[in-house]
Amino acid sequence: MKQRSTLPARAELAAFLRHRRERLQPAEVGLPVTARRRTPGLRREEVCQLAGVGLAWYTWLEQAREIEVSAPFLDRIARALKLDSTERAHLFTLAHNRPPPIAPGFAFEVTTHLRRMLDGVTGPAYLATASMHVIAWNAALSAVFGDLSPLAPEDRNMLWLVFASPAHRAAIPDWETDARVMLARFRIEFGRHRDDPAFLALIERLQLASAEFRQWWPDHDVSMRGDRAKRFEVHGVGRMELEQSSFMVEESPDMRLVVYTPVDAQSAQKVGLLQRRWNARRARLSSSHP
């Protein structure tokens, strides 16, 4: 930790910490209620006692000094102040200008409104984590790229499918170009989630499954190339061109909505045809299993 010059941006962080400290009463955190207190809520030293952090560093944060503190430091403060997940994310954004790291074992929730939004997208779309693990998808994605339901949960990952699934690899005419771009973007996310077990397990599996991954991963290529059109070769309709766009889910910053939009009328017709076939197949299955 090193001290730097004071910047006005820290005033918001200081005010947030003071407000959350002053709203907590000693009894709420298991501290004894003593005589009349001049300070509303908890004292700074009590927060530091609960968090197990140094009083000087916490005081400097409340004084809006521009100091660098670690993610574990902020997490201890968040627990001591009984911050909920939204408040914790806000604390990290104010202090680090980015969301907090995902805690091991964190379970992403596909809420009802997220499910409705996903189903309302006309083209192929899915929700994924920062490690490209797909947690929900719509019928259009199944119709165009194949249903992910039969796959083992650990295989429902876009990076895994591109590098380790022969069927998905064969559907990408410009496979090496697209695979390298995807890997370079994944590398950036890995830099932000170096201790995330999901990332580490995926990298270990890919090292064993793909010679190209083993060759390219040590290159440390990184890229945040903008969303662009991709070509796919889909059985039954041939080649189509789809534009991939990704959006951060506001209530869960490490969740992404990824949408594929046909670039031209011909591609749109092919997507529509695949969707009609998929819907007809599902209708036949439903009628045969009342």
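Residues numbered from 1 in each chain as written. Predicted model: local features only at pLDDT ≥ 70, side-chain atom pairs only at ≥ 80, totals over all residues. Heavy atoms only, no water.

A. Focus on the overall build of the protein. Counting its regular elements, the protein contains 13 helices and 5 strands. Taken over the C-alpha trace, the protein has a radius of gyration of 24 Å; the compact-globule value for 290 residues is 19 Å, which it surpasses by more than 25%. Principal-axis analysis of the C-alpha atoms places the extent of the protein at approximately 80 × 50 × 35 Å. By the burial criterion, 43% of the 290 residues in the protein qualify as buried. Of the contacts formed within the protein by residues at least 6 apart in sequence, a portion of 54% connects residues at least 24 apart. Accessible surface, the protein as shown: approximately 16,000 Å² in total, 53% of it carbon and sulfur. Across the protein, the mean location of the 41 positive side-chain charges is 2 Å away from that of the 34 negative side-chain charges. (Helix = DSSP H or I, 4+ residues; strand = E, 2+ residues; numbered from the N terminus. Rg over C-alpha atoms; globule rule 2.2 N^0.38 Å. Buried < 20%, exposed > 50% of the residue type's maximum accessible area, 1.4 Å probe, protein only. Contact = heavy atoms within 4.5 Å. Areas by Shrake-Rupley, 256 points an atom, 1.4 Å probe, with all protein chains shown as cover. Lys, Arg positive; Asp, Glu negative; His and termini not counted. Charge placed at Lys NZ, Arg CZ, Asp CG, Glu CD.)

B. View of the sheet that holds strand 5 (residues 252-262). The 5 strands lie next to each other as 2-1-5-4-3, forming an open sheet whose pairing is antiparallel. Two strands close off the open sheet at either side, each with one partner strand: strand 2 (134-137) and strand 3 (229-234). With strand direction ignored, the average angle separating the axes of adjacent strands in the sheet is 30°. Here strand 1 (residues 125-129) pairs with strand 5 via 5 bridges, running antiparallel. What sits directly across from A128, in strand 5, is R256. (Pairing = 2+ DSSP bridges. Axes fitted to C-alpha atoms, helices over the stretch in contact; angles between N-to-C directions.)

C. Spatial organisation of helix 1 (residues 10-23). Counted at 1.5 Å a residue, the expected span for helix 1 with its 14 residues is 20 Å, and the 20 Å between its end C-alpha atoms agrees. Packed against the buried residues of helix 1 are helix 2 (44-51), helix 3 (55-62), helix 4 (71-80) and helix 5 (85-96). (Expected span 1.5 Å × (residues − 1).)

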